[in-house]
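One-letter residues, chain by chain:
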Amino acid sequence: MSFSYPDARRDETCVDDYHSHKVTDHYRWLEDPDSEETKKFVDAQNAITIPFLEKCPIRQKLHNRIKELWDYPKFGCPMKHGLHYFYYHNTGLQNQSVLYIQDSLEAEAREFLDPNKLSEEGTVAISGSAFSEDGRYFAYGLSDAGSDWITIHFRDTNTGCDLDDVLKNVKFSSMTWTHDHKGIFYNQYPEQDGKSDGTETTSNLDQKLYYHRLGTPQSEDILSASWPGNSKWMTGAQVSHCGRYLICDIREGCDPVNRLYICDLETLGYNINGLLPFVKVVDNFDAEYEYITNNGSVFTFKTNLNSPRYRLININFDSYLPEKWVTLVEQHEHDVLEWAACVNNSKLVLCYLHDVKSTLHIHDLTSGKRLATLPLDIGSIVGYSGQKKDTEIFYQFVSFLTPGIIYRCCVTGDDFQPVVFRQIKLKDFDQSGFETKQVFYPSLDDPYTKIPMFIIHRKGIELDGSHPLLLYGYGGFNISITPTFSVSRLIFMNHLRGILAIPNIRGGGEYGETWHKAGMLANKQNVFSDFQSAAQYLIDNKYTTAQRIIINGGSNGGLLVAACANQRPDLFGCAIAQVGVMDMLRFHKFTIGHAWTTDFGCSDNEEEFNWLIKYSPLHNIKIPDDPEVQYPATLLLTGDHDDRVVPLHSLKFIAQLQNVFRQSKNQSKPLMIRVDTKSGHGAGKPTGKVIEELADIYSFIAENLKLQWQH
């Protein structure tokens, strides 16, 4: 069937000159989220999309089954702070998880903070938190409707009551307490013109570090760090485990590099009254330095300096010249060091990624020697708790088929024997009917570069090319896509007889910074080629056919989906792009988009413009040369409060996509967008909204691939 799409005004007068290259921006007006014209456009798009999704004959079955299977208890790792333990728990379908408090691990748990009570629709979420060193106070950020903006509140753990202190204009913030328990360092942006509710597009610049003393108004907060002339710099602050030092890592974008500044608070008598006198231990953006712990003036950092898979080094603050730095744990020859933590004063917990699977080890802090390897199945560590002063650790394991196992391990002796503390189970799901395999396929540009890919499906399927296949990818910002548990994907595999495939394409962090750099800046096309090669591998090996492949990704993964649909429409039957970056010439002008130039480049630079214009989804939509090929059935998803990847990206892309194919007699597959209200980039989204969105996504897939419900 053909679709009648809304008319969208094309402005022929909006022309930008990029280094003598003229580019018409026909839908610049869609960049104003508050204009009546934009609101009418959004309403008109939803008026087409929502009825199409609702008419799917199995939509109610999908919704009911997702809701039914989602209704299982979810737990976070217990965290010890002061005299109490805390943990997050969701009974199953609560919109937000609730924070509980216990006097001991065996004691009855009491509700400590329930964000569900803060809004009728469950759209207020906890976003960032920090306990004071003695556990007396809890600082926590609240985000509304999915926005990155938060307000910081403070709660007394003894009384369970909030203090009067409230901090506003906070975004991408540290929260770290001084050890006198009297206040926190946090990040604040200047007051900006207009609104700051998550629906604005104003660029976020000039972040500053402040110190807030409990019991004082925010107007009296002390400016502790500011970087005049460097408006894009963002400061991560952490008080050292001993309480003496403030460690600041300063970043200019999303690249894993930072400056490293340290302030000795003892020299100030711990009296914070103005800009802090930082020592610039590292004053360039050549590598990343992440604070792990310190013993006196000797600091341990995780770094990728001359070690793309990361190592641990010691820096003595009393003599911090680089030639004095000492390697504590060498870079592994194959595996990537993902994170490290200090526990029981003298031990380190190190988590590595081995071919996209987590491994966990105990090391000695003094010598760096490995003491033990903790047993793990194939999957991911997604939760951890354990501080330097603690004698035990908790960690949470998940896999594609395992919803969660929390382990507890005592680290006082030499025998490290983790025990199952809590195992999370679904009410009605038998994982034994499914299997997971990992394959490696060659990249397009270099046959010696092998791309890992997980493939998950029901046991005993026949490889005859008949199966619908969900191909999910990301490929950017040094982010590793490790095994995770997903109810909706299980339903796709079980009731729609689908296959799930997740290729770990370049641009991610699966093999360290080398892998990341192979898919960024001038190498970004490698990301799209790796994804397309994954599809071809799956076709060649009879898992599926091109018209049965659904490609899916979000944010940078939404860019991936749109770019691949543009480049190889013949290779995919359906495309689901969530909150994607679609306008690669102007992304840096909105909210925090300027931070992404480290991965993408920037159109202000001529060389980088020439990279971007070649794959920018908005600027590369065309009718396929082969009249037998249609553009994949496409569903874009965005939220009106997404102030990370602002909705204008998806709005402009769908307007251009519909315009190009409006007159195409061959295009019968739908090209649609779903714009949600009171939702953002994804974090903190209420369970109810998540289930509705997933039901819509799989309804769109089922309707376009003509999938039937199987019991």
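From a predicted model like this one, the values you see are computed outputs, not experimental measurements. (Residues numbered from 1 in each chain as written. Predicted model: local features only at pLDDT ≥ 70, side-chain atom pairs only at ≥ 80, totals over all residues. Heavy atoms only, no water.)

Undergrad: Just to check I follow, could you spell out unusual backbone geometry for this structure?
TA: Leave glycine aside and you will find that most residues have negative phi; peptide bonds, for their part, are mostly trans. One non-glycine residue with positive phi stands out, namely Ser20, at about 75 degrees. Mapped onto the elements of the fold, Ser20 is located in the loop between β1 (15-18) and β2 (21-24). Residue class for Ser20 comes out exposed when judged on its relative accessible area of 69%. You will see that Ser555, though not glycine, has its phi angle at about 65 degrees, which is positive. The residue Ser555 is located in the loop between β36 (549-554) and α6 (556-567) in this model. (Helix = DSSP H or I, 4+ residues; strand = E, 2+ residues; numbered from the N terminus. Buried < 20%, exposed > 50% of the residue type's maximum accessible area, 1.4 Å probe, protein only.)

Undergrad: When you look at the sheet that holds strand β22 (residues 311-316) in this model, what are you seeing that I'm missing?
TA: Pairing between the strands of a sheet is mediated by backbone hydrogen bonds and can be parallel or antiparallel. Pairing within the open sheet is antiparallel, and its 4 strands lie in the order β20-β21-β22-β23. The open sheet terminates on both sides in strands that have one partner only, identified here as β20 (289-295) and β23 (326-329). The average undirected angle you get between the axes of adjacent strands in this sheet is 35 degrees. The sheet contact formed by β22 and β23 spans 3 bridges and is antiparallel. What sits directly across from Leu312, in β23, is Val329. (Pairing = 2+ DSSP bridges. Axes fitted to C-alpha atoms, helices over the stretch in contact; angles between N-to-C directions.)

Undergrad: Please explain helix α5 (residues 524-540) as it appears in this structure.
TA: Each α-helix winds once per 3.6 residues, and so residues spaced three or four apart point in a common direction. Look at α5: 25 Å from first C-alpha to last across 17 residues, which is about the 24 Å you get at 1.5 Å a residue. Buried residues dominate α5, accounting for 13 of its 17 residues. One or two positions beyond α5, positive phi appears at Lys542, with a value near 65 degrees. (Expected span 1.5 Å × (residues − 1).)

Undergrad: Please clarify how the packing of aromatic side chains should be interpreted in this entry.
TA: Two measures describe an aromatic ring pair: the distance that separates the ring centres and the angle between the ring planes. Per the counting criterion, the structure on display carries 45 aromatic pairs. Relative to Phe301, the ring of Phe299 has its centre 6.0 Å away and its plane inclined at 15 degrees; by these criteria the two rings are stacked. On the accessibility criterion, Phe299 (1% relative accessible area) is buried. For the ring pair Phe429 and Phe485, a centre distance of 6.4 Å and an interplane angle of 65 degrees mean the geometry is edge-to-face. Here the residue Phe429 occupies a position in the loop between β31 (419-423) and β32 (434-442), and Phe485 occupies one in the loop between β34 (469-472) and α3 (487-495), the gap between them amounting to 56 residues. Overall, the relative accessible area of 15% leaves Phe485 in the buried class. (Phe/Tyr/Trp six-rings, centres within 6.5 Å; stacked < 30°, edge-to-face > 60°.)

Undergrad: Got a minute to help me understand the sheet that holds strand β11 (residues 162-171) in this structure?
TA: The 4 strands lie next to each other as β8-β9-β10-β11, forming an open sheet whose pairing is antiparallel. Where the open sheet ends on each side, the last strands, each with one partner, are β8 (124-131) and β11. Neighbour-to-neighbour, the strand axes of the sheet open up by a mean angle of 25 degrees, direction not taken into account. Pairing between strand β9 (residues 137-144) and strand β10 (residues 149-156): 7 bridges, direction antiparallel. Bridge pairing links Tyr137 to Asp156 in β10.

Undergrad: Would you explain the environment of Ile66 in this entry?
TA: With respect to the secondary-structure elements, Ile66 resides in helix α2 (residues 59-70). It is 36 Å that separates the C-alpha atoms of Ile66 and Asn620, two residues lying 554 residues apart in sequence. When near neighbours in sequence (up to four residues on either side) are disregarded, Ile66 contacts Val487, Ser488, Ile491, Ile691, Leu694 and Ala695. (Contact = heavy atoms within 4.5 Å.)

Undergrad: Looking at this structure, how should I read the nonpolar core?
TA: General note: in soluble globular proteins, nonpolar side chains tend to be found buried as a group. Core analysis: the biggest nonpolar cluster contains 132 residues, and Met453, Leu471, Ile551, Ile576, Trp596, Phe600 and Phe700 have the highest contact counts within it. A per-element tally of this core places helix α10 (residues 687-705) first, with 8 residues. Each residue touching Leu471, except ones within four places of it in the same chain, is listed here: Met453, Ala501, Pro503, Phe531, Ala534, Ala535, Leu538, Ile549, Ile550, Ile551 and Asn552. (Core = buried A, V, L, I, M, F, W, Y, C linked by side-chain atoms within 4.5 Å.)

Undergrad: Any chance you could explain the pattern of salt bridges here in plain terms?
TA: Side chains bearing opposite charge may pair, as long as their charged atoms lie close to each other. In the structure shown here, the tally under the stated rule is 40 salt bridges. One salt bridge in this structure joins Arg59 and Asp696, with 2.8 Å as the shortest N-O distance. In this pair, Arg59 sits in helix α2 while Asp696 sits in helix α10, placing the two residues 637 residues apart along the sequence. With a shortest N-O distance of 2.9 Å, Arg259 and Asp283 are connected by a salt bridge. Of this pair, Arg259 sits in strand β18 (residues 259-264) while Asp283 is found in the loop between β19 (279-282) and β20, placing the two residues 24 residues apart along the sequence. Since its relative accessible area comes to 38%, Asp283 is described here as partly exposed. One network of salt bridges, with partners in common, ties together Asp16, Asp25, Arg28, Glu31, Asp583, Arg586 and Lys652. (Salt bridge = Lys/Arg side-chain N within 4 Å of Asp/Glu carboxyl O.)

Undergrad: It is not clear to me how the environment of Leu707 should be interpreted in this structure. Could you clarify?
TA: Tracing the backbone through its elements, the reader meets Leu707 in the segment after α10. Between the C-alpha atoms of Leu707 and Arg506, which are 201 residues apart in sequence, the distance is 32 Å.

Undergrad: What exactly am I supposed to notice about the packing of α2 against α10 here?
TA: Each pair of packed helices gets described by two things: the angle between the helix axes and the distance between those axes. Interaxial distance between α2 and α10 falls to 9 Å at its minimum, and their mutual angle equals 140 degrees. Taken as axis vectors, α2 and α10 run oblique relative to one another. Classified by chirality, the crossing of α10 by α2 is right-handed. Contacts between α2 and α10 pair Arg59, Leu62, His63, Ile66, Lys67 and Trp70 from the former with Thr687, Val690, Ile691, Glu692, Leu694, Ala695, Asp696, Tyr698 and Ser699 from the latter. (Parallel < 35°, antiparallel > 145°, perpendicular 65-115°, else oblique. Left-handed = near helix turned anticlockwise from the far one by under 90°.)

Undergrad: Looking at this structure, how should I read the pairing of strand β26 (residues 357-364)?
TA: Consecutive side chains along a regular strand alternate between the two faces of the sheet. Among the 8 residues in β26, 7 count as buried, and that is most of the element. Two elements, strand β25 (residues 347-354) and β26, share 8 bridges in a ladder whose sense is antiparallel. The residue of β26 that forms the bridge with Tyr352 is Thr359. In this antiparallel pair of consecutive strands, β25 and β26, the connection spans 2 residues, and Asp355 shows a positive phi of 50 degrees. Between β26 and strand β27 (residues 370-374), which pair antiparallel and follow one another directly, the connecting turn spans 5 residues, one of which, Gly368, has a positive phi of 80 degrees.

Undergrad: Can you help me understand α10 in this one?
TA: Here α10 contains 19 residues, and its C-alpha end-to-end distance of 27 Å stays within 8% of the 27 Å for a straight helix at 1.5 Å per residue. Most of α10 is tucked away: 15 of the 19 residues are buried.

Undergrad: Hey, could you run me through the packing of helix α1 (residues 36-54) against helix α9 (residues 648-661) in this one?
TA: As a packed pair, α1 and α9 sit with axes 12 Å apart at the nearest point and diverge in direction by 65 degrees. As for how α1 packs across α9, the hand of that crossing is left-handed. Note on element contacts: α9 touches α1 through Leu651, Ile654, Ala655 and Gln658, opposite Thr38, Phe41, Val42 and Gln45. Of the residues assigned to the contact of α1 with α9, the class counts are 5 nonpolar, 3 polar and no charged. (Nonpolar A, V, L, I, M, F, W, Y, C, P; charged D, E, K, R; others polar.)

Undergrad: Would you take a moment to explain the environment of Leu500 for this structure?
TA: Relative to the helices and strands, Leu500 is located in strand β35 (residues 499-503). The class of Leu500 is buried, set by a relative accessible area of 2%. Taking the C-alpha atoms as reference points, Leu500 and Thr436, separated by 64 residues in sequence, lie 9.5 Å from one another. Setting aside residues up to four positions removed in sequence, Leu500 forms contacts with Phe400, Phe454, Ile455, Ile456, Leu470, Arg489 and Met493.

Any functional reading would require information that these geometric values do not contain.
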